[in-house]
Amino acid sequence: MAEKGFDLRTAQEAEGEKKYILTEDAKKESKFGKLVFEFPQERNEVVAEGDPEDFVVKPQAYFRGASQIPGSEFNQSYQIFVKPFFLDRIQHRHAKDEFLVFLGASFPNVFDFDARIEFTLGKGEEAETYVITKPTIIRIPAGVYHCPLNFKEINKPVLFLATLFTPMFGGIYDLPDGKTMEMYYNGPVQCKYNAQKKCDSCGKCLQEDWQN
Ligand SMILES: [Zn+2]
């Protein structure tokens, strides 16, 4: 059957096609290059003292949001947990929705799942703890308190994705004195404007436009 209207030639066949390998120079001369980003390999650097580091497979991939693709209104992690780990102990909330995904990582079958993870939604009297024993996704609406998140039993590897609909990862924490504190974290990356400096999550690069 004849297709209407679409150019079905492959990139090789099409003449004059602009094809890019993602170097920094190619990104500069391309129109859409800033929308295409190769994941850097990351290694978890934040582990509480005394905790083992080998609970998660190295390296991990993280999409750090607008600092990596300008204009992005979300950030996301891709981690494979192989040992029990108390990931997030401190209750907090966010200005936008967050989604947590738990899938089996004995690929290719994501339903091959054998783990027990506990996650709390809500605060104080309304707090509810959910025990995750099957592939699950959880929506945390903006402003809703959540955590702790505890990977209690890992009998088979678990793929964990945390997606937060803000340009940079962070959270809002209640302090004992009744004040609140906003904390941001952009990973162990270097500053976009100063190669000597580690990113301190100042947020300057979040203002960039992908078209400039
Ligand atoms: Zn959260």
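Residues numbered from 1 in each chain as written. Predicted model: local features only at pLDDT ≥ 70, side-chain atom pairs only at ≥ 80, totals over all residues. Heavy atoms only, no water.

Account for the sheet that holds strand 5 (residues 115–121), naming residues and giving values.
Pairing in this open sheet of 4 strands is antiparallel, and the strands run 3-8-5-6 from one edge to the other. In this open sheet, the two strands that pair with only one neighbour each are strand 3 (85–88) and strand 6 (128–132). Neighbour-to-neighbour, the strand axes of this sheet turn through a mean angle of 15°, independent of strand direction. (Pairing = 2+ DSSP bridges. Helix = DSSP H or I, 4+ residues; strand = E, 2+ residues; numbered from the N terminus. Axes fitted to C-alpha atoms, helices over the stretch in contact; angles between N-to-C directions.)

How would you sum up the environment of Glu-73? Please name residues and give values.
Within the secondary structure layout, Glu-73 lies in the loop between strand 1 (61–63) and strand 2 (75–81). Sequence separation between Glu-73 and Ile-21 is 52 residues; the distance between their C-alpha atoms is 25 Å. Beyond its immediate chain neighbours, meaning those up to four positions away, Glu-73 contacts Leu-164, Phe-165, Thr-166 and Pro-167. (Contact = heavy atoms within 4.5 Å.)

Would you mind going over the layout of surface pockets in detail, with residue names and values included?
Empty space within the second largest pocket amounts to approximately 750 Å³. If you go around the second largest pocket, you meet 25 residues; those closest to its centre are Glu-24, Phe-37, Ser-67, Gln-68 and Lys-192. Across the lining of the second largest pocket, the residue classes tally to 10 nonpolar, 6 polar and 9 charged. (1 Å grid on protein atoms, 1.4 Å probe; cavity = no way out; pocket = protein on both sides within 12 Å on 5 of 7 lines; lining within 4 Å. Points joined across faces, edges and corners; volume = space filled by probe spheres on them. Nonpolar A, V, L, I, M, F, W, Y, C, P; charged D, E, K, R; others polar.)

Hey, could you go over the coordination of the zinc ion for me, with residue numbers and the actual values?
Within the first shell, the zinc ion binds the protein through His-92 (NE2), His-94 (NE2), Glu-98 (OE) and His-146 (NE2), at distances of 2.0 to 2.3 Å. One can describe the donor arrangement at the zinc ion as irregular, given that its 4 donor atoms subtend angles of 86 to 177° at the metal. On the primary sequence, the residues serving as donors to the zinc ion are separated as H-x1-H-x3-E-x47-H. His-92 sits in the buried class, given a relative accessible area of 3%. (Donors = N, O, S within 2.8 Å, 3.2 Å for Na, K, Ca; no water. Tetrahedral: all angles 85-135°; square planar, octahedral: opposite > 155°, others 65-115°. Buried < 20%, exposed > 50% of the residue type's maximum accessible area, 1.4 Å probe, protein only.)

Go over the state of the cysteines, please, and point to the residues and values.
Each disulfide consists of one covalent bond between the sulfur atoms belonging to two cysteines. Scanning the model with the defined rule gives 0 disulfides in all. The thiol sulfur of Cys-199 is not disulfide-bonded, and the nearest other cysteine sulfur, from Cys-205, lies at 6.3 Å. (Disulfide = S-S within 2.5 Å.)

If you had to explain the environment of Phe-81 to someone new, which residues and values would you point to?
With respect to the helices, strands and loops of the structure, Phe-81 is situated in strand 2. Sequence separation of Phe-81 and Lys-58 is 23 residues, and the distance between their C-alpha atoms is 9.9 Å. Setting aside anything within four residues of it in sequence, one finds Phe-81 in contact with Phe-55, Val-56, Leu-87, Phe-151, Ile-154, Pro-157, Val-158 and Phe-160.

Tell me what's going on with the pattern of salt bridges, and back it up with residues and numbers.
On inspection of all chains with the given rule, the structure shows 10 salt bridges. Between Lys-83 and Asp-54 there is a salt bridge whose closest N-O contact spans 2.6 Å. In this pair, Lys-83 sits in the loop between strand 2 and strand 3 while Asp-54 sits in the loop between helix 1 (24–29) and strand 1, placing the two residues 29 residues apart along the sequence. On the basis of relative accessible area, Asp-54 is assigned to the partly exposed category, the value being 40%. One continuous salt-bridge network, built from bridges that share partners, spans Arg-93, Lys-123 and Asp-174. (Salt bridge = Lys/Arg side-chain N within 4 Å of Asp/Glu carboxyl O.)

Summarise the packing of aromatic side chains; cite the residues concerned and give the values.
Taken as a whole and judged by the stated rule, the model has 12 aromatic pairs. Residues Phe-55 and Phe-85 carry aromatic rings whose centres are separated by 3.5 Å and whose planes lie at 5° to one another, so their mutual orientation is stacked. You can see Phe-55 sitting in the loop between helix 1 and strand 1 and its partner Phe-85 sitting in strand 3, a full 30 residues away along the chain. Each member of the pair Phe-55 and Phe-85 is classed as buried. (Phe/Tyr/Trp six-rings, centres within 6.5 Å; stacked < 30°, edge-to-face > 60°.)

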